[in-house]
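Residues per chain are reported as follows:
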Amino acid sequence: MSRDDVESGLELDAEAMRALGYAAVDALVERYVRLPDAAPWDGRPVDRPALNLPADCPEEGAPAAEVLERALRDVLPHAARLDHPRFLAYVPSSPTWPAVIGDLLAAGFDVFQGTRLAAEGPCAVEDVVVDWFRRWIGLPEGAGGLLTSGGSAANLDAVVAAREAASAPAGGLVYVSAEAHSSMERACRVAGIGAERIRAVPCARGGAMRTGELARQLEADRRAGRRALLIGATAGTTSTGAVDDLPAVAELARQHGAWFHVDAAYGGFACLVARGRAALAGIERADSVTMDPHKWLFQPIEAGCLLMRDPSALLRAFHADPAYLRDAHEHDVLSNPADRGLQLTRSFRALKIWMSLMTFGRAAHARAIDRALDLAVEAATRVGDSERLALVTGPQLGILTFEARPDGWEALDGPARDGVQEALSRRAREEGAAFLSTTRVGGRRVLRMCILGHRTRSADVAAALAWLDRAAASWRAA
Ligand SMILES: *Cc1c(COP(=O)(O)O)cnc(C)c1O
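Residues numbered from 1 in each chain as written. Predicted model: local features only at pLDDT ≥ 70, side-chain atom pairs only at ≥ 80, totals over all residues. Heavy atoms only, no water.

**Q** It is not clear to me how the layout of surface pockets should be interpreted in this structure. Could you clarify?
**A** Any space left empty among the atoms is revealed by the rolling of a water-sized probe across them. Each pocket or cavity is described by its volume, and for the largest pocket that value is around 1,100 Å³. Taken together, 29 residues line the largest pocket, and the ones lying closest to its centre are Leu 28, Arg 31, Leu 76, Asp 83 and Val 100. Looking at the lining of the largest pocket, the elements with two or more residues in it are helix H1 (14–34), helix H3 (64–75) and helix H4 (97–108). Take the lining of the largest pocket: its biggest share by element is 8 residues, from H1. (1 Å grid on protein atoms, 1.4 Å probe; cavity = no way out; pocket = protein on both sides within 12 Å on 5 of 7 lines; lining within 4 Å. Points joined across faces, edges and corners; volume = space filled by probe spheres on them. Helix = DSSP H or I, 4+ residues; strand = E, 2+ residues; numbered from the N terminus.)

**Q** Quick question: what am I supposed to make of the pattern of salt bridges here?
**A** Tallied over the entire structure, the rule returns 33 salt bridges. Where Arg 44 meets Asp 42, a salt bridge forms, and the shortest distance between an N and an O atom there is 3.5 Å. Since its relative accessible area comes to 39%, Arg 44 is described here as partly exposed. When its relative accessible area of 24% is taken as the criterion, Asp 42 is described as partly exposed. The salt bridge partner of Glu 69 is Arg 73, with a shortest N-O separation of 3.7 Å. Here Arg 73 and Glu 69 lie together in helix H3, a separation of 4 residues that amounts to about one turn. By relative accessible area, Glu 69 is classed as partly exposed at 44%. Three or more residues joined by partner-sharing salt bridges are found here, namely Glu 69, Arg 70, Arg 73 and Asp 74. (Salt bridge = Lys/Arg side-chain N within 4 Å of Asp/Glu carboxyl O. Buried < 20%, exposed > 50% of the residue type's maximum accessible area, 1.4 Å probe, protein only.)

**Q** I keep staring at the packing of aromatic side chains and nothing clicks. Help me out?
**A** What characterises a pair of aromatic rings is the spacing of the ring centres plus the angle enclosed by the ring planes. Inspection of every chain in the model, using the stated rule, returns 6 aromatic pairs. Ring geometry for Phe 87 against Phe 435: centres 4.9 Å apart, planes inclined by 70°, an arrangement best described as edge-to-face. With a gap of 348 residues between them, Phe 87 in the loop between H3 and H4 and Phe 435 in the loop between helix H14 (414–430) and strand E10 (437–441) connect regions that are remote in the sequence. As far as burial versus exposure is concerned, Phe 87 and Phe 435 are alike and both buried. Consider the rings of Tyr 90 and Phe 435, whose centres lie 5.8 Å apart with planes at 75°: the pair is edge-to-face. (Phe/Tyr/Trp six-rings, centres within 6.5 Å; stacked < 30°, edge-to-face > 60°.)

**Q** Looking at this structure, I do not really get helix H5 (residues 120–137). What am I missing?
**A** An α-helical turn contains 3.6 residues, so a residue and the one three or four places further along point in the same direction. Helix length check: H5 (18 residues) gives 26 Å between terminal C-alpha atoms against 26 Å at 1.5 Å per residue, within 8%. Residues Pro 122, Cys 123, Val 125, Glu 126, Val 129, Val 130, Phe 133, Arg 134, Trp 136 and Ile 137 constitute the buried set of H5. Each element contacted by the buried residues of H5 is listed here: strand E1 (144–148), strand E6 (288–291), helix H11 (293–296), strand E7 (304–308) and helix H13 (350–385). Phi turns positive one or two residues past the end of H5, at Gly 138, with a value near 90°. (Expected span 1.5 Å × (residues − 1). Contact = heavy atoms within 4.5 Å.)

**Q** Looking at this structure, how should I read the site of the ligand?
**A** By nearness alone, 14 residues border the ligand, and Gly 151, Ser 152, Asp 263, Asp 292 and Lys 295 come closest of all. In the model, an oxygen atom of the ligand is placed 2.6 Å from a nitrogen or oxygen of the Ser 152 side chain. At a separation of 2.6 Å, an oxygen atom of the ligand approaches a polar side-chain atom of Asp 292. Calculation on the ligand without its partners gives an accessible area of 380 Å², and the protein chains cover 86% of this total. Looking at the shell around the ligand, the elements that each hand over two or more residues are helix H6 (151–165) and H11. Broken down by element, the shell around the ligand gets its largest block of residues, 3 residues, from H6. Among the residues making up the shell around the ligand, the classes are represented as 2 nonpolar, 9 polar and 3 charged. (Near = heavy atom within 4 Å. Polar contact = N/O pair within 3.5 Å; in protein donor to acceptor, adjacent residues only side chain to side chain. Areas by Shrake-Rupley, 256 points an atom, 1.4 Å probe, with all protein chains shown as cover. Nonpolar A, V, L, I, M, F, W, Y, C, P; charged D, E, K, R; others polar.)

The structure is reproduced here in structure tokens:
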């Protein structure tokens with residue numbers, strides 16, 4: 001028997017493939033249906049020996065059904081459930097089912113979406129999806145971009161593109177607010193822009209950049225002979241949902257000849273609804289915009305997007321022409337995603353987004369965003385009605401922050417007050433009431449509620465706040 005007649009040992013027969021696939025889909029649907037009855041978090045440290053995860057990779061395999069069973073029982077449940085109706089921490093995501101299936105198909109079809117040559121159809125879909133986003137944001141025709149792994153990658157690509165586009169990038173300064181996402185600073189570090197070239201502009205109490213301070217800093221730097229390379233505004237800060245004054249920042253960027261980037265990673269999709277569009281006015285003046293479909297467009301992780309007013313700036317930053325890709329470059333290079341960003345081998349992220357929007361339509365996605373905004377307003381009202389909870393910021397784009405004030409509050413010092421918020425957040429999570437988080441506003445630790453998921457209902461928000469109210473009522477300092 002020749003070697004060619006021997007099976008690779010890496011295949012299942014068609015029946016076994018179906019059985020494994022059906023079992024996985026059944027488990028996913030079961031999880032989805034039962035999700036509201038589960039807790040939003042089950043991330044307690046697990047007993048590694050009990051999990052029986054072999055340190056040595058097994059030399060021989062085991063039946064696929066057994067391996068699936070172990071993943072479903074021992075591994076996957078031990079985590080936060082970001083799509084749970086009472087997951088209200090960080091930035092929730094709640095993928096639609098067609099989008100989940102889109103990810104499965106992209107993997108199964110083994111799409112390599114680095115070049116047009118290798119993925120004509122998929123590239124066409126990515127172009128269409130990115131163009132939908134462009135229109136929603138209001139960038140002019142001819143603007144474009146690409147899908148990325150997430151907001152951090154999109155911010156990095158933007159910073160590199162801005163650096164390459166600057167006539168004299170050496171020494172140029174980057175201005176972001178003190179509340180900008182940490183990925184902006186990391187992007188600068190990766191792009192060779194050290195801390196001494198980053199200006200963290202102070203924010204107002206709600207978390208928006210003080211544009212007066214930005215103007216003052218720009219002017220002072222100009223007088224000192226320093227140039228502005230990039231001004232990064234945030235449209236929906238991660239901490240409090242604040243949107244910087246985009247028209248004012250745009251104007252300052254224009255005056256100082258700086259690149260105007262808007263990090264709208266989670267907030268950008270609010271432009272699908274009227275009040276979100278109003279909050280984001282001015283975003284259409286950006287040179288680049290970061291948006292994360294895996295946040296407020298109900299897509300599975302990972303899916304980010306970078307929109308560029310002038311997409312050829314990405315080419316200048318990322319195009320390379322190695323001999324082994326020559327044939328792929330017979331096509332127009334601008335159309336190769338690999339020439340517009342860091343990744344060569346890329347998955348077909350656009351498929352899930354396309355399937356979700358084609359299945360449910362734009363309007364349903366917009367309604368889900370609108371409802372989340374309503375729920376945040378409702379949550380703020382409930383906080384205001386409570387004797388033991390006090391609103392601190394918001395609601396701004398689905399985020400509110402507040403303080404629990406148990407009896408004896410007046411007598412507590414700062415650290416003790418902070419400790420109350422941290423303890424309540426932890427207890428709410430551990431007892432399965434809700435997964436909230438805490439953040440810092442004006443030097444104080446506060447509770448933070450972020451409502452974005454499309455499965456969160458009024459009753460979920462009410463239950464979470466009622467739990468906190470009761471917990472504050474029965475609070476006894478340790
Ligand atoms: C989440 C977030 C990011 C980072 O995006 P990832 O997808 O987590 O990499 C950047 N900026 C803002 C404002 C965010 O909320």
